[in-house]
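Survey of secondary and tertiary structure
This is what each chain is made of:
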Amino acid sequence: QVQLVESGGGLVQPGGSLRLSCAASGNIASIYAMGWYRQAPGKQRDVVARITSARGTTYADSVKGRFTISRDNAKNTMYLQMDSLKPEDTAVYYCNADLRPASSARGEYWGQGTQVTVSS
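Counting starts from 1 at the beginning of each chain's written sequence and moves along it residue by residue. Where totals are concerned, whole chains, interfaces and linings use all residues; where local detail is concerned, this predicted model gives features only for residues with pLDDT of at least 70, and gives and counts side-chain atom pairs only at 80 or more. Note that water and hydrogens are dropped before the side-chain values are worked out from all heavy atoms of the structure.

**Digging into the side chain of Glu 6**
Numbering of helices and strands runs from the N terminus, with a helix taken as a DSSP run of H or I at least four residues long and a strand as a DSSP run of E at least two residues long. Tracing the chain through its elements places Glu 6 in strand S1 (residues 3-7). For the exposure calls, accessible area comes from a 1.4 Å probe over protein chains only, and a residue counts as buried if that area is under 20% of its type's maximum, exposed if over 50%, partly exposed in between. For the purpose of charge, His is not counted, nor are the chain termini; Lys and Arg are scored as positive and Asp and Glu as negative. Whenever a carboxyl oxygen of Asp or Glu lies within 4 Å of a side-chain nitrogen of Lys or Arg, that contact is scored as a salt bridge. No salt bridge is formed by the buried Glu 6; the nearest opposite charge belongs to Arg 45, separated by 7.5 Å. Looking at Glu 6, its side chain comes within polar contact range of the main-chain nitrogen of Cys 95, at 2.8 Å. Identification of polar contacts relies on pairs of N or O atoms within 3.5 Å, with a donor-acceptor requirement for protein atoms, meaning one able to donate a hydrogen and the other able to accept it, and with residues adjacent in sequence counted only if both atoms are side-chain atoms. Among the polar contacts listed, one links the side chain of Glu 6 to the backbone nitrogen of Gln 112, at a separation of 3.0 Å.

**Let's talk about the state of the cysteines**
Any two cysteine sulfur atoms lying within 2.5 Å of each other are counted as a disulfide. What the rule picks out here adds up to one disulfide. The partner cysteine of Cys 22 in its disulfide is Cys 95, sulfur to sulfur 1.8 Å. For the disulfide bridge between Cys 22 and Cys 95, the dihedral angle about the S-S bond is near -60°, and by the sign convention the bridge is left-handed. Here Cys 22, found in strand S3 (residues 18-25), pairs with Cys 95, found in strand S9 (residues 91-101); they are 73 residues apart in sequence, far enough to count as distant. Cys 95 shares its class with Cys 22; the two are buried.

**Digging into the packing of aromatic side chains**
Two rings belonging to Phe, Tyr or Trp (six-membered ring only in the last case) form a pair when the distance between their centres is within 6.5 Å. Interplanar angles under 30 degrees mark stacking, angles over 60 mark edge-to-face geometry, and anything in between is tilted. Taken as a whole and judged by the stated rule, the model has one aromatic pair. Geometrically, the ring pair formed by Tyr 37 and Trp 110 is edge-to-face, given 5.0 Å between the ring centres and 65° between the ring planes. Separated by 73 residues along the polypeptide, Tyr 37 in strand S4 (residues 28-39) and Trp 110 in strand S10 (residues 107-110) bring together distant segments of the chain. Judged by relative accessible area, which is 15%, Tyr 37 ranks as buried. Directly above the aromatic system of Tyr 79 lies the positively charged group of Arg 19, at a separation of 4.1 Å from the ring centroid. A cation over an aromatic ring shows up here: Arg 106 above the ring of Tyr 32, its NZ or CZ 3.7 Å from the ring centre. Two conditions define a charge located above a ring, namely a distance within 6 Å from the ring centre to NZ of Lys or CZ of Arg, and an angle within 35 degrees of the ring normal.

Keep in mind these numbers describe shape, not what the thing actually does.
So, in structure tokens, the structure goes:
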């Protein structure tokens, strides 16, 4: 059974940094694009950053220059380095992956989410 598990969330002061990780586990044949999304209370889930299997990246305008997405294909793991954090970055952050399990069809998978709170 394929799972995506996020870690690294927590409470940080404005201007601080956090690094999120997303590990894909299970019998996986291929992982294509991966991404980070976030959802603040009362708001829709929005894309933060995405990365292709060739490591091409895109970012939401609100995080450009502050967040860096990366991945380690050998470890089936994706990261989000978040610097210069602002209170408006507070949200639940979700990992997303387009992948093909070894024994089933390609599909989109989501992690359970990790809370990031930026507050003094």
